[in-house]
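# Inside the fold
Below are the chains, spelled out letter by letter.
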Amino acid sequence: MMAALDLLGQRWVLRIIWELQQEPAGFRELRRRADSMSSSVLADRLRQLSQARIITTDRRGAYRLTELGRALGPALEPLQVWAARWAASHAAVEDPAGSDQA
């Protein structure tokens, strides 16, 4: 369990997994989706995820989740629900009067 938490707890790892849930993506596309991630960090995280057999590359060179990586999807769903609630409450705190003001 600790090894999995160490890997998944690294910055950008869950973001990469999240992005690859939708569809395979090449290095440049992943870099574009996470615009503040450096190329060196992305390359390092992709290498780590590949070594952990969470992602692989297809014949076009696009990264995709393996069966093991796709199995993380159900574990991420509660986090997505929580994040949506958090974002809504965060927005309410930032704009308590609502956006009716013009």
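Relevant structure appears above.
Everything in this summary refers to the structure shown in the same document.

## Regarding the pattern of salt bridges
Going through the model one piece at a time under the given rule, you end up with 9 salt bridges. In this structure, glutamate 29 engages arginine 33 in a salt bridge whose closest nitrogen and oxygen atoms are separated by 2.9 Å. Of this pair, glutamate 29 and arginine 33 are both found in helix H3 (residues 27–33), 4 residues apart, which corresponds to roughly one turn of the helix. Relative accessible area serves as the criterion here: at 27%, glutamate 29 is assigned to the partly exposed category. Between aspartate 44 and arginine 47 there is a salt bridge; the shortest N-O distance is 2.4 Å. Taken together, the positions of aspartate 44 and arginine 47, both in helix H4 (residues 39–51) and 3 residues apart, correspond to about one turn of that helix. With relative accessibility at 41%, the residue arginine 47 sits in the partly exposed group. By sharing partners, the salt bridges in this structure join Arg15, Glu19, Glu23, Glu29, Arg32 and Arg33 into a single network.

## Remarks on the packing of helix H2 (residues 13–22) against H4
The N-to-C vectors of H2 and H4 enclose an angle of 75°; their axes lie 10 Å apart at closest approach. Considering the angle they form, H2 stands roughly perpendicular to H4. Of the residues in H4, those in contact with Val13, Ile16 and Ile17 of H2 are Leu42, Arg45, Leu46 and Leu49. Taken together, the residues of the contact of H2 with H4 sort by class into 6 nonpolar, no polar and 1 charged.

## Thoughts on the environment of arginine 53
With respect to the helices, strands and loops of the structure, arginine 53 is situated in the loop between H4 and strand S1 (55–57). Taking the relative accessible area as the measure of exposure, arginine 53 reaches 64% and is therefore exposed. Considering only alpha carbons, one finds arginine 53 and glycine 69, 16 residues apart in sequence, at a separation of 7.5 Å.

## What about a nonpolar patch on the surface?
There is a patch of nonpolar side chains on the surface, built from Leu14, Leu79, Trp82 and Trp86 and spanning about 410 Å² of accessible area. Considering every element that reaches the nonpolar patch, the biggest residue donor is helix H6 (residues 73–94), with 3 residues. Among the secondary structure elements, leucine 14 is positioned in helix H2. The exposure class assigned to leucine 14 is partly exposed, which follows from its relative accessible area of 30%.

The rules behind each value
- Residues numbered from 1 in each chain as written.
- Predicted model: local features only at pLDDT ≥ 70, side-chain atom pairs only at ≥ 80, totals over all residues.
- Heavy atoms only, no water.
- Salt bridge = Lys/Arg side-chain N within 4 Å of Asp/Glu carboxyl O.
- Helix = DSSP H or I, 4+ residues; strand = E, 2+ residues; numbered from the N terminus.
- Buried < 20%, exposed > 50% of the residue type's maximum accessible area, 1.4 Å probe, protein only.
- Axes fitted to C-alpha atoms, helices over the stretch in contact; angles between N-to-C directions.
- Parallel < 35°, antiparallel > 145°, perpendicular 65-115°, else oblique.
- Contact = heavy atoms within 4.5 Å.
- Nonpolar A, V, L, I, M, F, W, Y, C, P; charged D, E, K, R; others polar.
- Patch = residues over 30% accessible without salt bridge, like charges linked within 9 Å, V, L, I, M, F, W, Y side chains within 5 Å.
- Areas by Shrake-Rupley, 256 points an atom, 1.4 Å probe, with all protein chains shown as cover.

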